[in-house]
Structures are given as structure tokens and as C-alpha cells.
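Notes for the structure review
Chain by chain, the residues run as shown.
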Amino acid sequence: MGEKLLNLEHEIELGQENAKNTKELYQLLSSYNAYCILLLKAKREYEKEETNTKQYYSNSICYGKKIDDLFLSFRNDECLTCVNNGYSYKNDKDRLFLIDSDTLLRLYSSENMYSVIENHYSIDYEILKINNCVGKVYNQSIYCGDPYYCDTHWEDREAFGLFYNEKLVTPSYSLDNQFRAYDNMDIREILKPQSLDEIYEKITEAKDTKTKKLVLTEH
């Protein structure tokens, strides 16, 4: 085989790797932009600004695996990553932050099962005003079903959630050993306060770190 064709094989391999990296980079930046929009909206609501975020900002698409990449730098005492309880919501996640002693920020993502885009997720936020907010392990009856086997039933499962004045203020979350340790703990003992700017900075840092690993190869 001639030298040019040998070089062509190398170019093909390089092109395939660059195409993969380009796709990942697009998904990362699209997800990052979407979260920047979300944090901007949350900041304006938190600070009671009346200026509306431009509508076209909502066009950024999120990708599930890249969402996880953006939150890698947060420690357990900075962010609670919670998987929604129930078989129908196993890919839906909440990320909880304490932005001051009386305010929780809930960033939540859910898989868009009907989208033609692979791994497409929708995201949104909620600001929760709290006072005496406590984590609790409790029993929950979960609706389960498998349409293939025509099976529907209810199943009792342990769950974790945050309660304010004995009322559940978050969705119910799947229980793991980390959350079991938080039973009857005040949220201020679980999370340390972080400003919205600090959350944005950590997400940006994670994006920058991941971007450097996806730089295209030229030779």
C-alpha cells in the first residue's frame, strides 16, 4: 500500500476521533449554556428583578451525560444530587443547593422520552423559601408498571425527602446510604450556603476542564 494511502488511514482515524470530540463538545457547551440561562433566571427571581430573560435563550438543549459533567466539582456538602423515586422517573435528577440560610435552589432535569434527539433532557429550577427544613427517611407507596407484561401494582419503598413544617417540599428521592445518614438533620447541617455566583463559577470551571480534554487533534 502506498505512503499516501497509509497517511489517509491515519487521517480517517483522526477525523473519526475529531468528529466524536466535536459532538461531545457541542453537547457540553449546549448544556452549559442552558444552565447559565437557568441560573440567570434564578438570580433575577431571587433578587426580585423584573427584567425578563430573552425568550430565545430557552433554545439551548441539554444532554444527560454532559449535565453530570457540569456538576462534578461540587462536594456532598455543597450539592445534594438526588434521583427521583419511582420506576417511571429513574433518570430524573434534582440538585439541591442552600443559597442562604432560608433559601434552597432546586435544579431539576428530566429525560425527554419523546424527543428525536438522543439523550435529550429538559431542565428547570425552583427557589424554595424555608425555615425549619429537615431531611427525613420515610415510607412511600410507589406506582409500578410494565406495559409489556400488562403489570401494574403499588410497592412500598423507603424514600428520602426534605420536609418543612411536616410537609414534603421536594419530590421523594431514592434512598441511599448518604441520605440515610441525613435522617432528621436540618438542611443547614447538611449543606453549606453558596451564592448563585459561586454555583455558576463551579459549573464554568467544570466546563472549562472538560473542554480542554475535547480539543481537536491536528496531527
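Predicted model, so just to flag it, every value in this text is computed and none were measured.

About the cut-offs
- Residues numbered from 1 in each chain as written.
- Predicted model: local features only at pLDDT ≥ 70, side-chain atom pairs only at ≥ 80, totals over all residues.
- Heavy atoms only, no water.
- Phe/Tyr/Trp six-rings, centres within 6.5 Å; stacked < 30°, edge-to-face > 60°.
- Helix = DSSP H or I, 4+ residues; strand = E, 2+ residues; numbered from the N terminus.
- Buried < 20%, exposed > 50% of the residue type's maximum accessible area, 1.4 Å probe, protein only.
- Lys NZ or Arg CZ within 6 Å of the ring centre and 35° of its normal.
- Pairing = 2+ DSSP bridges.

**Re the packing of aromatic side chains**
- Taken as a whole and judged by the stated rule, the model has eight aromatic pairs.
- Centroid distance Tyr-26 to Tyr-63: 6.2 Å. Interplanar angle 70 degrees. Geometry classified as edge-to-face. In this pair, Tyr-26 sits in helix H1 (residues 3-46) while Tyr-63 sits in strand S1 (residues 62-63), placing the two residues 37 residues apart along the sequence.
- You can call Tyr-63 buried: its relative accessible area is 5%.
- Ring-pair connections join several aromatic residues into one group, and the members of that group are Tyr-35, Phe-71, Phe-74 and Phe-97.
- Note that Lys-136 overlies the ring of Phe-163, its terminal NZ or CZ placed 5.4 Å from the centroid.

**Some points on the pairing of strand S3 (residues 93-100)**
- In terms of burial, S3 is largely enclosed, as seven of its eight residues are buried.
- Pairing of strand S2 (residues 80-83) with S3, which is carried by four bridges, proceeds in the antiparallel orientation. Its bridge partner being in S3, Val-83 is matched across the sheet by Lys-93.
- Both S3 and strand S4 (residues 103-111) contribute to a ladder of seven bridges, which runs antiparallel. By the bridge assignment, Leu-96 is partnered in S4 with Arg-106.

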